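Here is how the chains run, residue by residue.
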Amino acid sequence: MLCTNVYSSFDASNDPPLMILDFSFLLTVAEISSKIGINYGQVGNNLPSPSRSIERIKSMKIGRVKLYDANPEILRLLSGTNISVSIMVPNNEITGIASDQSKADEWVRNNVLPYYPKTMIRYLLVGNEILSYFSDQDRQIWHDLVPAMTKIKYSLKSKNITNIKIGTPLAMDVVQTSFPPSSGSFRSDISETVMVPLVRFLNRTKSFFFIDVYPFFPWSSNPKDISLDYALLKNISNNSTLRYTDPGSGLVYTNLLDQMLDSLIFAMTKLGYPNIRLLIAETGWPNSSSEQNQPGANVHNAATYNRNLVQKIVTKPTIGTPARPGVVIPTFIFALYDENQKGGPGTERHWGLLYADGTPVYDIDLTGKRSANDYEPLPEKRHFIKGIHYDD
């Protein structure tokens, strides 16, 4: 989870002719489930047991679970459920797998075969946000990424496993230019050397571009120029009149999340790969912060964002984004729990839908059947900037 590009003001401009896009290549994705997923992290010393956690996930009617490893106990507990599962190869194992097919075979043998197909493993992610780390060793892993993904894919295929998609979750900092969305392009240090092989692999295997996308970060970095309502997806619930017209494409945006997602679509298109599907591997909003210089991190905003997000993702017919209207985007909310051992700023430990004791931080229906008006009033919005109290 990394802070990303800061968006400029989204004041409406004169509308140029709307860009004509062909979505026929995406018609097959209508069958993809729009059930909301959850990121089940375990970076805490006070969290409920895996068995209690899986029961809680079932009771919340969560359709997908994303793990940051291939935890044997959790994978066994998910056996026989109707929950799709995403597992992950740790960053430090990528280089070994990239250079040795037998290590890829061993990883699949130890972490997939004992559970599949009774546990519905659907995504196998190689690494986590590895293009956001810049040491010499990290840069070597950048170049090992696609070779490792290729060897894992070969291992699965050799076992006649064809319905597990291989991918890697990236942060929004892989995009060098993202505003307006039509200017979207990848960083120059990775565009040709890493991104071209990656999107070629994703296109060839019909996999997804997995992205961790947080409107909270660009908004909190630039709250004077970006409306909070625009970042909180308020248009989904109250038909706000906030609009931004991209001068390059003519596409009209009503929320910051769509702008961020479409900048990736334009970036992939510039590399010659316009048809790769998006999957939101992480998104959410912090419910609290222990530090006073992190505005907007409160229960009110977290509940508002995630409730509106659910409505956007599960609404029928599917909303999609301006560049891909009507296209399902599988989505995982970050996170199941507040995790008290995460490092970084205070918000890092407060993204959960649940407190560490398993009780809800706020009420939310992940099936999307409840409208915004069906919830009890939320706590007053309060945050602090440099010791000065503000109400949003």
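In this report, we go over the structure that sits alongside the text. (Residues numbered from 1 in each chain as written. Predicted model: local features only at pLDDT ≥ 70, side-chain atom pairs only at ≥ 80, totals over all residues. Heavy atoms only, no water.)

Okay, the sheet that holds strand β3 (residues 84–89) next. The pairing of strands in a sheet happens through backbone hydrogen bonds and is either parallel or antiparallel. Ordered in space as β5-β4-β3-β2-β1-β15-β12-β9-β6, the nine strands form an open sheet in which the pairing is parallel. Where the open sheet ends on each side, the last strands, each with one partner, are β5 (165–167) and β6 (170–171). Set on the sheet, helix α5 (residues 136–158) makes contact with β4 (121–126) and β5; between it and β4 the angle comes to about 150 degrees. (Pairing = 2+ DSSP bridges. Helix = DSSP H or I, 4+ residues; strand = E, 2+ residues; numbered from the N terminus. Contact = heavy atoms within 4.5 Å. Axes fitted to C-alpha atoms, helices over the stretch in contact; angles between N-to-C directions.)

Our next topic: the packing of helix α4 (residues 101–111) against α5. Between α4 and α5, the shortest axis-to-axis distance is 9 Å and the interhelical angle comes to 60 degrees. The angle between α4 and α5 places the two elements in the oblique class. Like other packed secondary-structure pairs, α4 and α5 cross with a definite hand, here right-handed. Contact residues: α4 offers Gln 101, Ala 104, Asp 105, Trp 107 and Val 108, while α5 offers Lys 151, Ile 152, Tyr 154, Ser 155 and Leu 156. Its residues assigned to classes, the contact of α4 with α5 shows six nonpolar, two polar and two charged. (Parallel < 35°, antiparallel > 145°, perpendicular 65-115°, else oblique. Left-handed = near helix turned anticlockwise from the far one by under 90°. Nonpolar A, V, L, I, M, F, W, Y, C, P; charged D, E, K, R; others polar.)

Those residues of α4 that sit buried are Ala 104, Trp 107, Val 108 and Asn 111. Across the axial projection of α4, the buried residues extend over an arc of 95 degrees, all falling on one side. Check the buried side of α4 and you find it contacts α2 (72–77), β3, α3 (94–99), β4 and α5. (Buried < 20%, exposed > 50% of the residue type's maximum accessible area, 1.4 Å probe, protein only. Arc of directions from axis to C-beta.)

Further remarks concern the packing of aromatic side chains. Per the stated rule, a full pass over the model turns up 19 aromatic pairs. The interplanar angle of 80 degrees and the centroid separation of 5.7 Å between the aromatic rings of Tyr 123 and Phe 210 together place this pair among those described as edge-to-face. With Tyr 123 in strand β4 and Phe 210 in strand β9 (residues 208–212), the pair connects residues that are 87 residues apart, well separated along the chain. Residue classification places Phe 210 among the buried positions, given a relative accessible area of 2%. Each ring, one from Trp 219 and one from Trp 285, has its centre 5.8 Å from the other, and the planes form 40 degrees; the classification is tilted. Note that Trp 219 is positioned in helix α7 (residues 216–221) and Trp 285 in the loop between β12 (277–283) and α11 (299–314), a separation of 66 residues in sequence. Trp 285 gets classed as buried once you look at its relative accessible area, which sits at 0%. Aromatic rings pair up to connect Tyr 214, Phe 216, Phe 217, Trp 219, Trp 285, Tyr 305, Phe 334 and Trp 351 into one cluster. (Phe/Tyr/Trp six-rings, centres within 6.5 Å; stacked < 30°, edge-to-face > 60°.)

Glancing now at the nonpolar core. As a rule of thumb, soluble globular proteins bury nonpolar side chains together. Counting 110 residues, the largest nonpolar core has Ile 87, Val 112, Leu 124, Val 126, Ile 152 and Phe 209 as the members making the most contacts within it. For this core, the element with the most residues is helix α10 (residues 256–270), which contributes nine residues. If sequence neighbours within four positions are ignored, Ile 87 has contacts with Leu 67, Asp 69, Ala 70, Leu 75, Trp 107, Asn 111, Val 112, Ile 121, Tyr 123, Leu 124 and Leu 125. Core analysis: the next-biggest nonpolar cluster, separate from the first, contains eight residues, Tyr 123, Phe 208, Ala 281 and Phe 332 among them. (Core = buried A, V, L, I, M, F, W, Y, C linked by side-chain atoms within 4.5 Å.)

Before going further, it helps to examine the pattern of salt bridges. Tallied over the entire structure, the rule returns seven salt bridges. The closest approach of N and O atoms between Lys 58 and Glu 55, which form a salt bridge, is 3.3 Å. Of the two residues, Lys 58 and Glu 55 are both situated in helix α1 (residues 50–59); the distance of three residues between them amounts to about one turn of the helix. Note on Glu 55: relative accessible area 46%, which makes it partly exposed. Lys 342 is paired through a salt bridge with Glu 348; the nearest N and O atoms lie 3.8 Å apart. With respect to burial, Lys 342 and Glu 348 carry one shared label: buried. (Salt bridge = Lys/Arg side-chain N within 4 Å of Asp/Glu carboxyl O.)

A separate point is the pairing of β12. In the case of a regular strand, side chains alternate between the two sheet surfaces. A large share of β12 lies buried, amounting to seven of its seven residues. As defined by bridge partners, β9 adjoins β12 across five bridges and the pair is classed as parallel. Bridging from a neighbouring strand, Phe 209 pairs with Leu 278 of β12.

Quick look at the packing of α5 against helix α6 (residues 191–204) now. Between α5 and α6, the shortest axis-to-axis distance is 8 Å and the interhelical angle comes to 15 degrees. By the criterion of interaxial angle, the relationship of α5 to α6 is roughly parallel. Between α5 and α6 lies a crossing whose hand is left-handed. Listed contacts from α6 to Trp 142, His 143, Val 146, Met 149, Thr 150 and Lys 153 of α5 are Thr 193, Val 194, Pro 197, Leu 198, Phe 201, Leu 202 and Arg 204. In the contact of α5 with α6, the residues fall into eight nonpolar, three polar and two charged.

With respect to the element layout, Ser 86 can be found in strand β3. Beyond its immediate stretch of four places on either side in the chain, Ser 86 contacts Val 65, Lys 66, Leu 67, Tyr 123 and Leu 125.

Turning next to the side chain of Arg 277. Mapped onto the elements, Arg 277 comes out in strand β12. Among the polar contacts listed, one links the side chain of Arg 277 to the backbone oxygen of Lys 206, at a separation of 2.3 Å. (Polar contact = N/O pair within 3.5 Å; in protein donor to acceptor, adjacent residues only side chain to side chain.)

For β3, a buried count of six out of six residues is recorded, marking the element as mostly surrounded by other parts of the structure. Judged by which residues are buried, β3 turns out to be covered on both faces: Ser 84, Ser 86 and Met 88 on one side and Val 85, Ile 87 and Val 89 on the other are all buried. Pairing analysis gives three bridges linking strand β2 (residues 64–66) to β3, with the strands arranged parallel. Residue pairing in the sheet places Lys 66 in a bridge with Ser 86 of β3. In this region the chain leaves β2, passes through α2 and returns to the parallel neighbour β3; the handedness of that crossover is right-handed. (Right-handed = clockwise from strand over helix to strand, strands pointing away.)

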